[in-house]
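# Report on the structure
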Amino acid sequence: MVLSKTASESDVSIHSTFASRYVRTSLPRFEMPENSIPKEAAYQIINDELMLDGNPRLNLASFVTTWMEPECDKLMMESINKNYVDMDEYPVTTELQNRCVNMIARLFNAPLGDGEAAVGVGTVGSSEAIMLAGLAFKRQWQNKRKAQGLPYDKPNIVTGANVQVCWEKFARYFEVELKEVNLREDYYVMDPVKAVEMVDENTICVAAILGSTLTGEFEDVKLLNDLLVEKNKQTGWDTPIHVDAASGGFIAPFLYPELEWDFRLPLVKSINVSGHKYGLVYAGIGWVVWRTKTDLPDELIFHINYLGADQPTFTLNFSKGSSQVIAQYYQLIRLGFEGYRNVMDNCRENMMVLRRGLEKTGRFNIVSKENGVPLVAFSLKDSSRHNEFEVAETLRRFGWIVPAYTMPADAQHVTVLRVVIREDFSRTLAERLVADFEKVLHELDTLPARIHAKMANGKVNGKKTPEETQREVTAYWKKLLETKKTNKNTIC
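Residues numbered from 1 in each chain as written. Predicted model: local features only at pLDDT ≥ 70, side-chain atom pairs only at ≥ 80, totals over all residues. Heavy atoms only, no water.

Going by the annotation in an unreviewed UniProt entry, the name recorded for the protein chain is glutamate decarboxylase, with Arabidopsis suecica given as the source organism. In its Sequence similarities (unreviewed entry) section, the UniProt entry covering the protein chain states "Belongs to the group II decarboxylase family." (UniProt positions renumbered as here; feature names shortened; annotations may be inferred.)

Laid out in structure tokens, this is it:
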């Protein structure tokens, strides 16, 4: 969704120097032009503006894949005009999606018999996948409550405060209470003990995160399962678990095969994973798989026939491209188990190179764990003169996009920087990034401190108060928005 924003009087037209040989007048920015323009001019105008975007390869904030092999790029372009929903017209594409679902379900140890088909669907990302899984849990819970003659109007989900915003969207859009387990310093994932304590008869599921967005850490799904099994026995409930494996689903099976987090645990009923993260496909593909057919209520599946044969569908959207599905199948058969393991091993090794390099500077505390999603989250040991937001902003001058953010409740006084290691982030880039961090810190050290009298600025035991941290965050973003001079016309 894009929220439109009006432009200033001097910013209502699009100009392009190179396109002027084709177009001598400016184009309106917010209205369709009256006349056509040459294709070369249209291309050049758009290309000129896109040059001001950041370099995707240097965008270390994102988990999303930014490089694929040319052969896969070619396959995607050849299928870009296929509408995935037209299953009768494109039966082979549908078959490739079904193969992906079955491969992923078996990767997650779904209890499938010989020849038994897995239950799952491709989505535009993990956000849609989570919406679908949540709807399945809600409907299952409602059906059971109705059959028991009990109220079914106050469903809730238990999660950690570290969940991605899509869980908040699901709760708000589909009227489900979101019960969050707050974090604490040095423990930035959901505490299974506290989570199970929050479960009640209206809990439709507990959502565990395999790869926290904040620190990359895997939550202890095995302990959560064991505690919840015991509580279900005591109460007579059957509260299930959903695993949000958006980031970790394509990592754990290859780097930590002995870790029990998937369908090996009896209460795990559904799992989502992002194909466009460590599934190694460009943005626009996610997956959700269910343990068995009984875990997906039939009434949520629609059947249509106006595109040809009868077609079952369970999605929030309708039309979408086929390219990402085909790309996912390419990666699964091209790399195989061995190839994915090699890629994930390499990501982890480069993460350790970066981690050790940052530690050697003596300026950072490493917040993330060595195991989990290959990323490094870290904070300044001394932020009395300059903070993490200033480091992130200054680092952009070298082309790097590294996010700085505060932790959720009750750890909002902790501010961290985070670097995500993807397949296209090499050891050379890791070493160069460390060198650029040192340059940035040296430059900031030569500048006047933001506030010399920190002792009078509400610090408690040498740490910022939550109010101080929030003021700094607000001031940082205001400054960034005020000084940004490119593409001021939309807010994403």
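## Overview of the overall build of the protein chain
Looking only at helices and strands, the protein chain features 12 helices and 17 strands. Counting every position in the protein chain, which comprises 492 residues, the buried fraction comes to 50%. Pairs at least 24 apart in sequence give 69% of the contacts found in the protein chain among residues at least 6 apart. With the model as given, the accessible surface of the protein chain reaches about 24800 Å², and the carbon-plus-sulfur share is 52%. (Helix = DSSP H or I, 4+ residues; strand = E, 2+ residues; numbered from the N terminus. Buried < 20%, exposed > 50% of the residue type's maximum accessible area, 1.4 Å probe, protein only. Contact = heavy atoms within 4.5 Å. Areas by Shrake-Rupley, 256 points an atom, 1.4 Å probe, with all protein chains shown as cover.)

## Description of the UniProt feature "modified residue: N6-(pyridoxal phosphate)lysine" (unreviewed entry) in the protein chain
According to UniProt, the "modified residue: N6-(pyridoxal phosphate)lysine" (unreviewed entry) feature falls on Lys277. With respect to the helices and strands, the residue Lys277 is situated in the loop between β9 (268–274) and β10 (286–290). Setting aside residues up to four positions removed in sequence, Lys277 forms contacts with Phe63, Val64, Thr65, Ala246 and Ser247.

## Some thoughts on the pattern of salt bridges
Applying the stated rule across the entire model yields 20 salt bridges. Linking Arg397 and Glu443 is a salt bridge whose minimum nitrogen-to-oxygen distance equals 2.4 Å. Separated by 46 residues along the polypeptide, Arg397 in the loop between α10 (388–395) and β15 (404–406) and Glu443 in helix α11 (residues 427–445) bring together distant segments of the chain. Judged by its relative accessible area of 59%, Arg397 falls in the exposed class. What makes Glu443 partly exposed here is its relative accessible area of 25%. Note that Arg432 is salt-bridged to Asp436, the shortest N-O span being 3.8 Å. Pair noted here: Arg432 and Asp436 are both in helix α11, with a separation of 4 residues, about one helical turn. Overall, the relative accessible area of 49% leaves Arg432 in the partly exposed class. (Salt bridge = Lys/Arg side-chain N within 4 Å of Asp/Glu carboxyl O.)

## Considering helix α7 (residues 221–235)
Taking 1.5 Å of rise per residue, the 15 residues of α7 would be expected to cover 21 Å, and the 21 Å separating its terminal C-alpha atoms lies within 8% of that figure. Among the residues of α7, those classed as buried are Val221, Leu224, Asn225, Leu228, Lys231 and Asn232. Seen from one end, α7 has its buried residues packed into an arc of 135°, which puts them on one side. Across α7 from its buried face, at more than 90 degrees, point the exposed residues Lys233 and Gln234. Tucked into the core, α7 has its buried residues touching α6 (192–198), β7 (203–209), β8 (241–244) and β9. Where α7 begins, one side-chain oxygen reaches toward the backbone nitrogen of Lys222, 3.4 Å away; that side chain belongs to Asp220. (Expected span 1.5 Å × (residues − 1). Arc of directions from axis to C-beta. Polar contact = N/O pair within 3.5 Å; in protein donor to acceptor, adjacent residues only side chain to side chain.)

## Topic: the layout of surface pockets
Estimates place the volume of the second largest pocket at around 560 Å³. Along the wall of the second largest pocket there are 25 residues; nearest its centre are Gln97, Asn98, Gly120, Val121 and Pro312. At the level of elements, α3 (91–107), β4 (119–123) and β12 (311–313) are the ones that each hand at least two residues to the lining of the second largest pocket. Looking at which element gives the most residues to the lining of the second largest pocket, the answer is α3, with 5 residues. When the residues that make up the lining of the second largest pocket are grouped by side-chain class, the tally is 14 nonpolar, 8 polar and 3 charged. (1 Å grid on protein atoms, 1.4 Å probe; cavity = no way out; pocket = protein on both sides within 12 Å on 5 of 7 lines; lining within 4 Å. Points joined across faces, edges and corners; volume = space filled by probe spheres on them. Nonpolar A, V, L, I, M, F, W, Y, C, P; charged D, E, K, R; others polar.)

## Observations concerning the confidence of the model for the protein chain
Looking at the protein chain as a whole, its pLDDT mean stands at 88, while 85% of the residues score no less than 70. This stretch, residues 484–492, has a pLDDT under 50; its non-local contacts, to residues over four places away or in other chains, come to 14 contacts. (pLDDT = per-residue confidence, 0-100.)

## A look at the pairing of strand β5 (residues 156–160)
Put simply, side chains in a regular strand alternate between the two faces of the sheet. Burial of β5 is extensive: 5 of the 5 residues sit out of reach of the surface. Relative to strand β6 (residues 177–181), β5 runs parallel, the two being bridged by 5 bridges. For Gly160, the partnering residue across the bridge sits in β6 and is Val181. The handedness of the β5 to β6 crossover, carried by helix α5 (residues 165–173), is right-handed. Both β5 and β7 contribute to a ladder of 3 bridges, which runs parallel. Bridging across to β7, Ile157 finds its partner in Cys205. (Pairing = 2+ DSSP bridges. Right-handed = clockwise from strand over helix to strand, strands pointing away.)

## Remarks on the packing of aromatic side chains
As enumerated under the stated definition, the model contains 11 aromatic pairs in all. On the numbers, 5.8 Å between centres and 90° between planes, the contact of Phe218 with Tyr256 is edge-to-face. Highlighted residues: Phe218 in the loop between β7 and α7 and Tyr256 in the loop between α8 (252–255) and β9, separated in sequence by 38 residues. What makes Tyr256 buried here is its relative accessible area of 16%. Following the ring pairs from residue to residue traces out a cluster consisting of Phe250, Phe254, Phe337 and Tyr340. Residue placement shows Arg184 over the ring face of Tyr187; its charged tip is 4.4 Å from the ring centre. A cation over an aromatic ring shows up here: Lys277 above the ring of Phe63, its NZ or CZ 5.5 Å from the ring centre. (Phe/Tyr/Trp six-rings, centres within 6.5 Å; stacked < 30°, edge-to-face > 60°. Lys NZ or Arg CZ within 6 Å of the ring centre and 35° of its normal.)

## Considerations on the sheet that holds β15
The antiparallel open sheet is built from 4 strands, whose spatial order is β13-β14-β16-β15. In the strand order of this sheet, the two ends are held by β13 (364–366) and β15, each with one partner. Sheet twist, expressed as the average angle between the axes of neighbouring strands with direction ignored, equals 40°. Of the strands in this sheet, β13, β14 (375–380) and β16 (415–420) are in contact with helix α9 (residues 323–361), which crosses β14 at around 15°. (Axes fitted to C-alpha atoms, helices over the stretch in contact; angles between N-to-C directions.)

## Quick look at the pairing of β10
Counting buried residues along β10, 5 of its 5 residues qualify, which places the element largely inside the surrounding structure. The side-chain alternation of β10 yields two buried faces, one formed by Gly286, Val288 and Trp290 and the other by Trp287 and Val289. Looking at chain direction, β4 and β10 are connected through 5 bridges and run antiparallel. Paired with Thr123 across the bridge in β10 is Gly286.

## As for the packing of α3 against α9
The relative placement of two packed helices comes down to the angle between their axes together with the axis-to-axis distance. Between α3 and α9, the least distance of the axes is 9 Å, while the angle of their chain directions is 50°. If you check the angle between α3 and α9, you find them oblique. Taken as a pair, α3 and α9 cross one another with a handedness that is left-handed. For the pair formed by α3 and α9, the contact residues are Thr93, Leu96, Gln97, Arg99, Cys100, Met103 and Leu107 on the first element and Val325, Ile326, Gln328, Tyr329, Leu332, Ile333 and Phe337 on the second. (Parallel < 35°, antiparallel > 145°, perpendicular 65-115°, else oblique. Left-handed = near helix turned anticlockwise from the far one by under 90°.)

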